[in-house]
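The residues making up each chain are set out below.
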Protein chains: 2
Amino acid sequence: MNVVSLDKLFARLDECWAPKIVARINDMEVKIARLDGAFDWHSHPETEELFLVHRGKLTIHYRDHSVHLGAGDIHVVPKGAEHKPEANSPCEVVLLEPKGTRNTGDVQTARTRTAGDWT
Amino acid sequence: MNVVSLDKLFARLDECWAPKIVARINDMEVKIARLDGAFDWHSHPETEELFLVHRGKLTIHYRDHSVHLGAGDIHVVPKGAEHKPEANSPCEVVLLEPKGTRNTGDVQTARTRTAGDWT
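Let us look at the structure shown here. Worth saying up front: this structure is predicted, and the values here are computed from it rather than measured.

### Quick look at the relation of the copies chain A and chain B
A rotation about an axis combined with a shift along that same axis relates the two copies of the chain.
Consideration 1: Aligned on chain B, chain A shows an RMSD of 0.0 Å; the corresponding rotation is 180° and the shift along the axis is 0.0 Å. Put plainly, the chains are arranged around a two-fold axis. It is A:M28 whose C-alpha, among those of chain A, lies nearest the rotation axis, at 4.7 Å.
Consideration 2: Comparing interface residues between copies, 100% of those in chain A also lie at the interface in chain B; the contact surface is shared.

Next comes the structure, spelled out in structure tokens:
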């Protein structure tokens, strides 16, 4: 029954593209990540993925368009949709996805990480 | 593939204790609500419930203790735990729970509401 302070946790998170699990609800994990630059194209064939921008700006590219998010904006990536997050400057995001979802989804890349457990 | 602006949606939400669905991910709903005063004691026997405070301060009382949340704080109410949210001044919260979860959980009260669909 803890209180999770996003500000305090982001202050501890200096590495980019290294998601940390900060809370769980049922079979879902709430993660935080610091993003900077362009990530790898990937999809999550089994699940949707929710982004909530905590601080900064984030673009999520799809093959045929892009969406632009600022602080306090939510976007849900459809199941199976190829996407590429990109931040032109450091951006803090809250992610929601089922337990065990891999950050690079259907592909293994140099950026593939197992999320750290900060709960 | 919409962008959901929490600030814009909260600006539209003048009623208290009247949750609105603003996004969906898999079988979960993301809701927003404005809270002011004390809610009714209830529990959700089938699910955990996530609170994220967007603006203001919120106390969640349990039968044997209370937790205090400010902006940017997350708290997950355990499945089946009796709880009573209380805000001493207007507070904006983001809620995450499975589709169809009733705001008053296991009890029907004057405050029971079907969440509006703002997606």
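### Examining the interface of chain A and chain B
Consideration 1: Residue-level contacts link 30 residues of chain A with 30 residues of chain B.
Consideration 2: Summing both sides of the interface, chain A and chain B together bury roughly 2500 Å²; the carbon and sulfur share of this comes to 67%.
Consideration 3: Taken together, the links from chain A to chain B amount to zero salt bridges.
Consideration 4: Counting across the interface, chain A meets chain B through 10 residue pairs in polar contact (both at pLDDT 80 or more).
Consideration 5: Looking at the side of chain A that touches chain B, the elements that each hand over two or more residues are β1 (4-5), β2 (20-25), β3 (28-38), β4 (49-55), β6 (66-69), β7 (73-77) and β8 (83-98) of chain A.

### Points about the side chain of B:E29
All names here are of chain B.
Consideration 1: Here E29 shows up in strand β3 (residues 28-38).
Consideration 2: Looking at E29, its side chain comes within polar contact range of the main-chain nitrogen of G100, at 3.4 Å.
Consideration 3: Setting aside anything within four residues of it in sequence, one finds E29 in contact with I21, A23, R24, L95, L96, E97, P98, K99 and G100.

Rules used throughout
- Residues numbered from 1 in each chain as written.
- Chains lettered and ligands numbered in written order.
- Predicted model: local features only at pLDDT ≥ 70, side-chain atom pairs only at ≥ 80, totals over all residues.
- Heavy atoms only, no water.
- Least-squares fit on C-alpha atoms with pLDDT ≥ 70 in both.
- Contact = heavy atoms within 4.5 Å.
- Buried area = accessible area lost by both parts, 1.4 Å probe.
- Salt bridge = Lys/Arg side-chain N within 4 Å of Asp/Glu carboxyl O.
- Polar contact = N/O pair within 3.5 Å; in protein donor to acceptor, adjacent residues only side chain to side chain.
- Helix = DSSP H or I, 4+ residues; strand = E, 2+ residues; numbered from the N terminus.

The values are spatial; any link to function lies outside them.
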